[in-house]
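Inside the fold
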Amino acid sequence: MKFTDLNLNDELLEAIGYMGFETATPIQEQAIPLILDNKDVLACAQTGTGKTGAFVLPILNKLVGKQDTNIDTLIIVPTRELAVQIEQQIQGLSYFISVGSKAIYGGGDGADWSEQKEALSKGTDIIVATPGKLLSHLKMGHVNFKHVKHLVLDEADRMFDMGFIDDLKTIISFLPKKHQTLMFSATM
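Residues numbered from 1 in each chain as written. Predicted model: local features only at pLDDT ≥ 70, side-chain atom pairs only at ≥ 80, totals over all residues. Heavy atoms only, no water.

Topic: the nonpolar core
Definition in use: As used in this record, nonpolar core signifies buried Ala, Val, Leu, Ile, Met, Phe, Trp, Tyr and Cys residues forming a set joined through side-chain atoms within 4.5 Å. To sort residues, take the accessible area from a 1.4 Å probe on protein chains only and compare it with the maximum for the residue type: under 20% means buried, over 50% means exposed, and anything in between is partly exposed. Strands here are runs of E lasting at least two residues and helices are runs of H or I lasting at least four, both read from the DSSP assignment and numbered beginning at the N terminus.
Core analysis: the largest hydrophobic core is formed by 36 residues, its most contacted members being Phe3, Phe55, Leu60, Ile75, Ile126 and Phe184. Elements represented by at least two residues in this core include exactly helix H1 (10–18), helix H2 (26–36), strand E1 (41–44), helix H3 (51–63), helix H4 (80–93), strand E4 (126–129) and strand E6 (180–185). Counting residues in each nonpolar core, the second largest holds 22 residues, with Ile104, Leu134, Leu135 and Ile171 among its members.

With respect to the layout of surface pockets
Quick reminder of the rule: Each cavity reported here is a set of points on a 1 Å grid over the protein atoms alone in which a 1.4 Å probe fits but cannot get out, each pocket an open set with protein on both sides within 12 Å along at least five of seven lines, and each lining residue one with an atom within 4 Å of a point. Grid points are joined across faces, edges and corners, and a volume is the space filled by probe spheres set on the points. Under the scheme applied here, ten amino acids are nonpolar (Ala, Val, Leu, Ile, Met, Phe, Trp, Tyr, Cys and Pro), four are charged (Asp, Glu, Lys and Arg), and all others, including Gly, are polar.
There is about 250 Å³ of room inside the largest pocket. Taken together, 15 residues form the lining of the largest pocket, with Phe21, Gln28, Gly53, Gln89 and Leu93 sitting closest to its centre. Looking at the lining of the largest pocket, the elements that each hand over two or more residues are H3 and H4. The class makeup of the residues in the lining of the largest pocket is six nonpolar, nine polar and no charged. Put simply, the second largest pocket is a space of about 200 Å³. For the second largest pocket, the full set of lining residues is Gln46, Thr47, Gly48, Thr49, Gly50, Lys51, Thr52, Leu82, Gln85, Gln89, Asp154 and Glu155.

Observations concerning the packing of aromatic side chains
To be explicit about the condition: In this analysis, rings of Phe, Tyr and Trp, with Trp reduced to its six-membered ring, are considered paired at centre separations within 6.5 Å, and the interplanar angle assigns stacked below 30 degrees, edge-to-face beyond 60, and tilted for intermediate values.
This structure, assessed with the given rule, holds one aromatic pair. A ring pair is formed by Phe55 and Phe184, whose centres lie 5.1 Å apart and whose planes are at 55°; its orientation type is tilted. Of this pair, Phe55 sits in helix H3 while Phe184 sits in strand E6, and the two are 129 residues apart along the sequence. Residue classification places Phe55 among the buried positions, given a relative accessible area of 0%. Phe184 gets classed as buried once you look at its relative accessible area, which sits at 0%.

This is the structure in structure tokens:
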């Protein structure tokens with residue numbers, strides 16, 4: 001199926017085309033319509049099949065034309081490397097549609113902490129975070145999640161296996177009761 005058949009807006013289709021993508025992968029073909037329809041999704045697909053695009057593209061589609069700087073989407077991942085990778089993909093795909101994102105993870109310096117604190121308190125459209133560092137910010141009161149509409153748990157089962165279940169429950173307790181939940185994994 002072509003991306004043009006998935007009811008994505010023209011600005012996003014232009015960005016997708018610029019990136020050289022024309023045809024959706026099976027996970028994208030199945031997940032994107034459900035996400036656009038505000039359904040919760042639990043999805044499993046092998047590494048390299050376009051899982052990230054399956055949740056990032058419909059979220060970016062929803063953010064086109066958004067006027068405020070409130071945090072709309074929280075993506076939680078198990079590792080710093082995955083947080084950086086997803087945030088880079090978001091930046092590439094959102095280049096033409098003015099969507100902001102910030103990766104929140106440990107191991108940085110004071111400047112990183114300040115940038116993370118600003119994004120979490122003042123807002124940016126999408127936050128991609130590891131549980132531990134996000135909890136540190138939550139405990140210090142730096143986070144404003146009252147406008148979050150989408151929660152994505154990427155590699156959800158891996159986070160559970162790594163012992164993050166209580167951390168995830170704590171983080172979720174800071175979110176509005178009504179939000180879309182998307183869980184993706186390669187090994188669920």
